[in-house]
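Chain and residue survey
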Amino acid sequence: MDTLPAPADFVRIVEVGPRDGLQNEKTLVATADKVELIDRLSRTGLPSIEATSFVSPKWVPQLADAAEVFTAIQRRPGTAYPVLVPNETGYDRARAVGVDEVAVFTAASEAFNRKNINASIDESIERFRPVLERAAADGIKVRGYVSTVLGCPYQGDVPVADVVRVARQLHAMGCYEISLGDTIGIGTPRKAADMLKAVAAEVPLSALAVHFHDTYGQALANILACLEVGIRVVDSAVSGAGGCPYAKGASGNVASEDVIYLLHGLGMRTGVDLDLLAETGRWLASRLGRETGSRVGKALAAA
Ligand code: HMG
Ligand code: MG
């Protein structure tokens, strides 16, 4: 039986480069470059671009200019520009600059959550409750992230039951979509597919996304396995930028260019102009003083 996903299906790419990609950069990236990055990404047709984070600037100094960035970007009609918020302070800051979609984030591992947001999983969910309530009243969409779904840098193995529980809670609280993050990129396809199926038994597949990092080079294989299960929303970062500052050893996100090449090769639709995106990835890499981390970005430049 052919298990590959149906051609012509639409896959929504959630571009996380400006946030997940840049948050781990040691050298401060100029605000103007962040704005240019988002504006360039907007022109590629990406449907959702996570623009920045309204977290504590003491924890993530790189994104201390969140308000300036968000105010300066040119928002393309039809494109979503979600931002990360860890608490009500973040929500207030985001709303003050006109954000209309936010993302809350927690983890399936207690140890990771403590390092990342200084709270237990249950405490973090309680912190989100007022954010979700206010967002519902304000007509703001809320996405939810569950990190460390296939392993934790501090705890090691993460039981699938913990991933399912946290995803179910976020969905029940009102998150319209739950992104399942392999924060340290340790997963392999069967584990990824089994984890996804277990979550999909409790949360509709149409309300789930996958978020892979490529530490062990498994991200595209994991995405294909999840497409076969039926996932149609994939997070990725242009030029494979990124990593989480609170996840030791985590490498970059899977590169958006590579994911889109895979999807278009399968005959699936994304609405994204791959050449323009690859050019943007190379532009970003040059601003960061390195080669693009996208294999497709390199291949297209050489073609
Ligand atoms: P805390 O130190 O426990 O909390 O931090 P606090 O409430 O005591 O706040 C400390 C200071 O920050 C106070 O200021 C607050 O006012 C201020 P002070 O009194 O010391 O001057 N503060 C804020 N300032 C601006 N915006 C805010 C805010 N909140 C408090 N929103 C806190 C707790 C959650 C704030 C902190 O731990 C934090 O900001 N963590 C964010 C860490 C982060 O961004 N990590 C990376 C993103 S997650 C990720 O990458 C994974 C993901 O990509 C999925 C995956 O890959 O798996 C999503
Ligand atoms: Mg991430």
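Each value, and the rule that gives it
Residues numbered from 1 in each chain as written. Chains lettered and ligands numbered in written order. Predicted model: local features only at pLDDT ≥ 70, side-chain atom pairs only at ≥ 80, totals over all residues. Heavy atoms only, no water. Salt bridge = Lys/Arg side-chain N within 4 Å of Asp/Glu carboxyl O. Helix = DSSP H or I, 4+ residues; strand = E, 2+ residues; numbered from the N terminus. Buried < 20%, exposed > 50% of the residue type's maximum accessible area, 1.4 Å probe, protein only. Near = heavy atom within 4 Å. Polar contact = N/O pair within 3.5 Å; in protein donor to acceptor, adjacent residues only side chain to side chain. Areas by Shrake-Rupley, 256 points an atom, 1.4 Å probe, with all protein chains shown as cover. Nonpolar A, V, L, I, M, F, W, Y, C, P; charged D, E, K, R; others polar. Pairing = 2+ DSSP bridges. Donors = N, O, S within 2.8 Å, 3.2 Å for Na, K, Ca; no water. Axes fitted to C-alpha atoms, helices over the stretch in contact; angles between N-to-C directions. Parallel < 35°, antiparallel > 145°, perpendicular 65-115°, else oblique. Contact = heavy atoms within 4.5 Å. Left-handed = near helix turned anticlockwise from the far one by under 90°. Arc of directions from axis to C-beta.

Considering the pattern of salt bridges
- Tallied over the entire structure, the rule returns 19 salt bridges.
- The residue R40 makes a salt bridge to E36 at a minimum N-O spacing of 3.0 Å. Taken together, the residues R40 and E36, both in helix α2 (residues 31–43) and four residues apart, mark about one turn of the helix.
- The class of E36 is partly exposed, set by a relative accessible area of 31%.
- R143 is the partner of D235 in a salt bridge, and the nearest nitrogen-oxygen pair spans 2.8 Å. Placement of D235 in strand β9 (residues 233–236) and of R143 in strand β6 (residues 141–147) is noted, with a sequence separation of 92 residues between them.

Notes on the site of ligand 1
- Neighbouring residues of ligand 1: 29 residues in total, closest Q23, K58, N116, N118 and T183.
- Interatomic distance of 2.9 Å between a backbone N/O atom of F54 and a nitrogen atom of ligand 1.
- The side chain of H213 places a nitrogen or oxygen atom 3.1 Å from an oxygen atom of ligand 1.
- Here ligand 1 has 1100 Å² of accessible area as a free molecule, and 75% of this is covered by the chains.
- Secondary-structure elements contributing two or more residues to the shell around ligand 1 are α1 (17–21), α4 (88–96), α5 (110–117) and β6.
- Ranked by residues supplied to the shell around ligand 1, first place goes to α4 with three residues.
- Taken together, the residues of the shell around ligand 1 break down into twelve nonpolar, twelve polar and five charged.

Some remarks on the sheet that holds β9
- What the nine strands build is an open sheet, ordered β2-β1-β9-β8-β7-β6-β5-β4-β3; its pairing is parallel. A strand with exactly one partner marks an edge of an open sheet, and here the two such strands are β2 (48–49) and β3 (52–53).
- One ladder, built from two bridges, connects β3 with strand β4 (residues 83–84); its direction is parallel. Bridging across to β4, S53 finds its partner in L84.

Considering the coordination of the magnesium ion (ligand 2)
- Taken together, D20 (OD), H211 (NE2) and H213 (NE2) make up the protein donors of the magnesium ion (ligand 2), found 1.9 to 2.4 Å from the metal.
- Here the donor residues for the magnesium ion (ligand 2) map to a single chain with the spacing D-x190-H-x1-H. Residue D20 is located in helix α1, and its partner H213 is located in the loop between β8 (208–212) and α9 (219–229); the two are separated by 193 residues in the primary sequence.

Describing the packing of α5 against helix α6 (residues 121–138)
- Put simply, α5 and α6 touch, their axes get as near as 9 Å, and they point 50° apart. Taken together, the axis directions place α5 and α6 in an arrangement best described as oblique. Contacts from E110, N113, R114 and I117 of α5 reach α6 at I121, E123, S124 and R127.
- A per-class count over the contact of α5 with α6 returns two nonpolar, two polar and four charged.

Details of the packing of α6 against helix α7 (residues 160–173)
- Interaxial distance between α6 and α7 falls to 10 Å at its minimum, and their mutual angle equals 15°. When the axes of α6 and α7 are compared, the pair comes out roughly parallel. Crossing handedness for the pair α6 and α7: right-handed. In this structure, α6 uses I121, D122, I125, F128, R129 and L132 to contact α7, whose residues at the interface are R165, V166, Q169, L170 and M173.

Structural notes on α5
- Within α5, the full set of buried residues consists of F112, N113, N116 and I117. In an axial view of α5, the angular spread of the buried residues amounts to 100°, which keeps them on one side of the axis.
- Tucked into the core, α5 has its buried residues touching β5 (101–107), α6 and β6.
- Measuring from the backbone nitrogen of A111 back to the side-chain oxygen at the start of α5 gives 3.4 Å, which picks out S109 as the cap.
- One or two residues past the end of α5 sits N118, with phi positive at roughly 55°.

By themselves, these figures tell us nothing about what the structure is for.
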